[in-house]
Amino acid sequence: MKKNIFHIVFVLFVFSSVLSGCFDESFSTDPNDRLLFSTDIVKFDTIFTQRGTATLSFKVYNPAKKSLKIESVTLADAANSGFFINVDGSKGPSIRDLEIRGKDSLFVFVEANVDPTNQNSPLLIKDSIVFMTNGIRQYVKLEAYGQDVNLLRGEVLPDGETLFSGEKPYLIYDSLVVPPASILRLSEGATLYFHSKAMLEVKGKIDARGTVLRPVTFRGDRLDRMFADLPYDYLPGQWGGIHIHKDSYDNLFDHVSMRGTATGIVIDSSDVARTKITFSNSVIHNSSNNLVSSAESKIVAWNCQFSNASGALMSLAGGDADFVHCTFANYFQLMDVIKSPLLVFDGYTSTEEKTPLKARFANCIVIGNNTLMQPLDLQGTQIVFNNCLFKVNGSDDENFIRCIWNADPMFVATGDNYLYDFRLASDLSAAYRAGNPEFIDENTRTDLLGNQRPEGINPDVGAYQYMAPEE
């Protein structure tokens, strides 16, 4: 029995010796033993002043063998900056007497809540976290841009005209409704941020007129990132979308950038004799479902990019549609798979109640990672492609006239690092000077970016004219 007790005591002695060897309980007082940080600056994306932001974090390391006593961790300008800190469960703005073992680390969490800046442009907010260890000060900088917004919650616009300017963004919760007797005018630079599932319901009329340098923008309100290289702005499904109701006519999207929707643009059936919506010089990009869905409506579009959707880029069920110098490109890859052909046509045969779909595509690019269109056989329909480029094999007939088959437009970027750029990368592109000049008019004399299409020679196919890099 005594022998067993001796063995137990001996084992405990050895175990305690090992532990004491692993953990040196003494604290270093050497000012050369300093903290290391996973970053020297914490940068937040733009923060709406009426709303908080996601929490960011960084790690603090003790590279020394001995433990370090951090005398204090303090926000330098906590009373004014709007930043908040939490160090391993202890809330700031000042935390004292923290211990960090040798070769160990701890987390610091930072949150920002910026007060209204009373100005239209984003305001840079700065602060620093000051670490005091053995009489040595070390700093981690904090930066955020605060942006004042016009906050709208379930807003129904009044009758008459309402102007949204480009001076200050608009943040929309629930839905923004344009009633039947109302016109919403959006001037250059106007930006509408939509919260999750929020919709723009157009029962009256929307008139959006941006410019090349200051487009009208519709997008989600997430300004942070899913991953370091993936902003939420790159993702579909960030907000609902736009619904053009039955009795809404003469809507205009000129120099508009719209992206990140769940349902894209849904256009209700109406009188085909009247123009429902005109798209010009615009980019409609990235939807979790169809990008544009139209039922028995008249659509006109030129110099537009329709790109990336889990559903169809253009779903036309009857009506009248005309697309000139447009780029249809579907390289959708985030969060889902492509579930539909690029172009879907329905209602293209005559019935007693409805006239068949009439659609023209002229000097357009139609390309992507899925089936080209449905149906594939257009014989007997009024759907015509003139001088259009496809990357699939095919041949001309009464519906496909002077088309460019099995050809590569050579886009600048089609999804590497989640980046897309559907301009032509080279004059070796099959789209280069492959267009028909008979489709050039006052609307298409310049391309989506305002570049002049040449006179006397064939233009490039698609929404973008190739421009050689400046030396």
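Residues numbered from 1 in each chain as written. Predicted model: local features only at pLDDT ≥ 70, side-chain atom pairs only at ≥ 80, totals over all residues. Heavy atoms only, no water.

**As for a negative patch on the surface**
Taken together, the side chains of Asp377, Asp396, Asp397 and Glu398 present a region of like negative charge at the surface. Among the structural elements, Asp377 can be located in the loop between β34 (373–374) and β35 (382–386). (Patch = residues over 30% accessible without salt bridge, like charges linked within 9 Å, V, L, I, M, F, W, Y side chains within 5 Å. Areas by Shrake-Rupley, 256 points an atom, 1.4 Å probe, with all protein chains shown as cover. Salt bridge = Lys/Arg side-chain N within 4 Å of Asp/Glu carboxyl O. Lys, Arg positive; Asp, Glu negative; His and termini not counted. Charge placed at Lys NZ, Arg CZ, Asp CG, Glu CD. Helix = DSSP H or I, 4+ residues; strand = E, 2+ residues; numbered from the N terminus.)

**Digging into the side chain of Ser287**
Note on placement: Ser287 falls in strand β26 (residues 283–287). According to the relative accessible area criterion, Ser287 is buried, its value standing at 0%. Polar contacts involving the side chain of Ser287 include one to the main-chain carbonyl oxygen of Ala262, which spans 3.5 Å. At 3.0 Å, the side chain of Ser287 forms a polar contact with the backbone oxygen of Asn290. Those residues in contact with Ser287, other than ones at most four positions away along the chain, are Pro236, Thr261, Ala262, Thr263, Gly264, Asn308, Ala309, Ser310 and Phe332. (Buried < 20%, exposed > 50% of the residue type's maximum accessible area, 1.4 Å probe, protein only. Polar contact = N/O pair within 3.5 Å; in protein donor to acceptor, adjacent residues only side chain to side chain. Contact = heavy atoms within 4.5 Å.)

**Focus: a nonpolar patch on the surface**
Judged by side-chain polarity, Val212, Leu213 and Leu449 come together as a nonpolar surface patch covering roughly 300 Å² of accessible area. On the accessibility criterion, Leu449 (35% relative accessible area) is partly exposed.

**Concerning the packing of aromatic side chains**
In the structure shown here, the tally under the stated rule is 28 aromatic pairs. For the ring pair Phe44 and Phe83, a centre distance of 5.9 Å and an interplane angle of 40 degrees mean the geometry is tilted. Taken together, the positions of Phe44 in the loop between β2 (41–43) and β3 (47–48) and Phe83 in strand β6 (residues 83–87) put the pair 39 residues apart, joining distant regions of the chain. Overall, the relative accessible area of 2% leaves Phe83 in the buried class. Seen from their ring centres, Phe107 and Phe109 are 6.0 Å apart, and the 25 degrees between their planes marks the pair as stacked. For Phe107, a relative accessible area of 35% gives the class partly exposed. Since its relative accessible area comes to 36%, Phe109 is described here as partly exposed. For the cation-ring pair, Arg153 lies above Tyr173, with the distance from its terminal atom to the ring centre recorded as 4.3 Å. Between the NZ or CZ atom of Arg274 and the centre of the ring of Tyr249, over which it lies, the distance is 3.9 Å. (Phe/Tyr/Trp six-rings, centres within 6.5 Å; stacked < 30°, edge-to-face > 60°. Lys NZ or Arg CZ within 6 Å of the ring centre and 35° of its normal.)

**A look at the pattern of salt bridges**
Applying the stated criterion across every chain yields a total of 13 salt bridges. Between Arg214 and Glu188 there is a salt bridge; the shortest N-O distance is 3.7 Å. Here Arg214 is found in the loop between β18 (205–209) and β19 (216–220), whereas its partner Glu188 is found in the loop between β15 (182–186) and β16 (191–194), with 26 residues between them in sequence. In this structure Glu188 comes out as partly exposed when scored by relative accessible area, which is 36%. One salt bridge in this structure joins Arg423 and Asp421, with 2.6 Å as the shortest N-O distance. Taking the relative accessible area as the measure of exposure, Arg423 reaches 38% and is therefore partly exposed.

**Things to note about the confidence of the model for the protein**
Segments scoring low in pLDDT should not have their predicted coordinates read at a detailed level. On average, residues of the protein score 92 in pLDDT, and 94% of them are at 70 or above. Note on residues 8–21: pLDDT under 50 across the span, and zero contacts to partners over four residues away in sequence or across chains. (pLDDT = per-residue confidence, 0-100.)

**Structural notes on the pairing of strand β4 (residues 56–61)**
Examined bridge by bridge, strand β1 (residues 36–37) and β4 share two bridges and lie antiparallel to one another. Its bridge partner being in β4, Phe37 is matched across the sheet by Val60. Examined bridge by bridge, β4 and strand β9 (residues 105–112) share six bridges and lie antiparallel to one another. In the sheet register, Lys59 faces β9, and the bridge partner there is Phe107. (Pairing = 2+ DSSP bridges.)

**Quick look at the sheet that holds β9**
In spatial order, the strands read β1-β4-β9-β6-β7; together these five strands make up an open sheet with antiparallel pairing. Edge positions in the sheet fall to β1 and β7 (90–91), since each has one partner strand and no second.

**A word on the environment of Met258**
For Met258, the location among the structural elements is in strand β24 (residues 256–267). Separated by 29 residues in the primary sequence, Met258 and Ser287 have C-alpha atoms spaced 9.9 Å apart. Residue contacts for Met258: discarding those within four places in its chain leaves Phe218, Trp239, Ile242, Phe253, Gly264, Ile265, Val283, Ile284 and His285.

**With respect to the environment of Val149**
Tracing the sequence through the fold places Val149 in the loop between β11 (136–147) and β12 (150–156). When the C-alpha atoms of Val149 and Asn393 are compared, they prove to be 50 Å apart, with 244 residues separating the residues in sequence. In this structure, Val149 is in contact with Phe48, Gln50, Lys168, Pro169 and Leu171, ignoring residues within four places of it in sequence.

**As for unusual backbone geometry**
Of the consecutive residues Gly92 and Pro93, the connecting peptide bond is found in the cis state with omega at 20 degrees. Among the secondary structure elements, Pro93 is positioned in the loop between β7 and β8 (94–100). Omega for the peptide link from Gln374 to Pro375 comes to 0 degrees, which places this bond in the cis form. Locating Pro375 in the fold gives a position in the loop between β34 and β35.

**Digging into the state of the cysteines**
What we call a disulfide is simply a covalent bond connecting the sulfur atoms of a pair of cysteines. Within this structure, the stated rule accounts for zero disulfides. The thiol sulfur of Cys326 is not disulfide-bonded, and the nearest other cysteine sulfur, from Cys364, lies at 4.8 Å. (Disulfide = S-S within 2.5 Å.)

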